[in-house]
Amino acid sequence: MSEPNISAVLLEKGNLKLEERPIPKPGKNEVQIAMHSVGICGSDVHFWTDGAIGPFVVKAPMVLGHESSGTVSELGKGVSHLKVVLHLTSVETDCFTFTCTCPGDRVAIEPGVPCRYCSACKGGRYNLCPEVKFCATPPVDGSLCRYYVHPADLCFKLPDNVSYEEGALLEPLSVGVHACRRSEVTIGSKVFICGAGPIGLVCLQVAKARGAAQVVITDIDVKRLEFARQMGADVTVHVTSRDGQEVADQVVQRLGCHPDVTIECSGAESSIHAGIYATQPGGVLMIVGLGRRLATIPLLDAALKEVDIRGNLRYANDYPTALAMIASGQVNVKPLVSHRYSLEQTLEAFEFAKKGEGIKVMIHCDKNKA
Ligand SMILES: [Zn+2]
Ligand SMILES: [Zn+2]
């Protein structure tokens, strides 16, 4: 029997409510998923508190959540690579009834649904599709609910040794995979990561897994740096200055050399400065953090050092890599989950996430599974 489809709906800026919505039916090539774990992302909190991120404005009620996993509960037509939960009553005798339940496939959900037809999609860079429909980016509903429908090819079956929470964490991890791939972090790389939040930490783990020789990470929060060290950072630098040159000098001094790659995950202008000043001539500065639309940066320094400044939008074809890295133990994202709430406690969970304490807040949507 299905539970009511409790959904975390952002009605308007500042107004997040649990509502019962109809249980969606999967269409062709889609699956219905009984949701299990949904991580709260900075963007979810932002839409709730500010009602907008850049050009994306909440104009109509929208379900939040895009870092998620669950169990396939219904198949649409044409889906053959996933299986659904089956309840079979196979044996009935005077003394007992033997009921067999085959669980449905556990899956992680890649939240961006591209058009599949444009040149970006056809070229394999579907994250750049102008028509992409991304969970919990207005006006598209997210997956913080009990039942959700998604294209089956964007649902990745989790092997037995990968948990639902790890499945949900594939989303931020895929950002790290994409960023390290685009910035060409490789064996022996010296990497500088600005910001030790969840994205900085997944970039750190992916960089190490790709063979980076040394990773230095910076933050303004000492506790985060302590945690980054536990997650594998070789060097940490506590940022106390807004002067990018000063921070760059500290990074170079502590690292013993200029980094080949800098991955900016803080969105702070001074960190972009630090990245440009610190990066080795001929290196790469990867912009992952989203700050102000117009930034003043030492462009001439970047140009004269041939430091390539590259952008990063989410991920494309990175989920399978992220999943393989978790399944094989090359990365361990489990420690990122610092707090857990039930779907019923969504508001509490958001209030907590807003404070910026902890690392990743996870919401469990499934009543039956812990
Ligand atoms: Zn996210
Ligand atoms: Zn497209």
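A few points on the structure. From a predicted model like this one, the values you see are computed outputs, not experimental measurements.

In this section: the coordination of the zinc ion (ligand 1). Surrounding the zinc ion (ligand 1) are the protein donor atoms C41 (SG), H66 (NE2) and E67 (OE), which sit 2.2 to 2.7 Å from the metal. Donor residues binding the zinc ion (ligand 1) come from one chain and are separated in sequence as C-x24-H-E. Of this pair, C41 sits in the loop between β3 (30-39) and α1 (42-50) while E67 sits in strand β7 (residues 67-75), and the two are 26 residues apart along the sequence. Residue C41 is classed as buried on the basis of its relative accessible area of 18%. The class of E67 is buried, set by a relative accessible area of 1%.

Right, let's get into the coordination of the zinc ion (ligand 2). Every protein donor of the zinc ion (ligand 2) is listed here as C115 (SG), C118 (SG), C121 (SG) and C129 (SG), and their distances to the metal cover 2.3 to 2.4 Å. If you list the donors of the zinc ion (ligand 2) from N- to C-terminus, the spacing comes out as C-x2-C-x2-C-x7-C. Overall, C121 belongs to the buried group, its relative accessible area being 12%.

Along the chain, P138 connects to P139 via a cis peptide bond; the corresponding omega equals 5 degrees. Within the fold, P139 resides in the loop between β12 (133-134) and β13 (147-151). Of note in the backbone geometry, R314 takes a positive phi value of approximately 50 degrees without being a glycine. For R314, a relative accessible area of 22% gives the class partly exposed.

As summarised here, the arrangement of the three strands in space is β2-β1-β6, forming an open sheet in which the pairing is antiparallel. Each of the sheet's edge strands pairs with one partner strand only, and the pair in question is β2 (15-21) and β6 (62-63).

Mapped onto the elements, T236 comes out in strand β17 (residues 235-238). Within the structure, the side chain of T236 is placed 2.4 Å from the side chain of R229, a separation counted as a polar contact. Residue contacts for T236: discarding those within four places in its chain leaves I217, L225, R229 and R254.

With that settled, consider the pattern of salt bridges. Enumeration according to the criterion identifies 15 salt bridges in this entry. Note that R21 and D141 form a salt bridge whose closest N and O atoms lie 3.0 Å from each other. Taken together, the residues span a long stretch of sequence, with R21 in strand β2 and D141 in the loop between β12 and β13 at a distance of 120 residues. The class for D141 is partly exposed, based on a relative accessible area of 30%. Residue R340 pairs with E165 through a salt bridge whose shortest N-O separation is 2.6 Å. With a gap of 175 residues between them, R340 in strand β21 (residues 337-342) and E165 in helix α3 (residues 164-182) connect regions that are remote in the sequence. Within this structure, E19, R21 and D141 form a network of salt bridges that share partners.

Quick notes on the rules
Within every chain, residues take consecutive numbers counted from 1 along the sequence as written. As a convention, the first chain written is A and the first ligand written is 1, with the rest following in written order. Only residues with pLDDT of 70 or above have their local features reported here, since the model is predicted, and side-chain atom pairs are shown and tallied only from 80 upward, although totals for entire chains, interfaces and linings are computed over all residues. As a rule here, side-chain values cover all heavy atoms of the structure and leave hydrogens and water aside. Counted as coordinating are nitrogen, oxygen and sulfur atoms within 2.8 Å of the metal, or 3.2 Å for Na, K and Ca, while water is not included, which may make sites look incomplete. Secondary structure elements follow DSSP: runs of H or I of four or more residues count as helices, runs of E of two or more count as strands, with numbering from the N terminus. Note on classification: 1.4 Å probe, protein chains only; a residue is buried when its accessible area is under 20% of the maximum for its type, exposed when over 50%, partly exposed between these limits. A pair of strands is treated as paired once DSSP finds two or more bridges between them. Residues adjacent in sequence count toward polar contacts only when both atoms are side-chain atoms; beyond that, a polar contact is any pair of N or O atoms within 3.5 Å, and within protein one must be able to donate a hydrogen and the other to accept it. We call two residues in contact whenever any of their non-hydrogen atoms come within 4.5 Å of each other. Between Lys or Arg on one side and Asp or Glu on the other, a salt bridge is scored when a side-chain nitrogen of the former is within 4 Å of a carboxyl oxygen of the latter.

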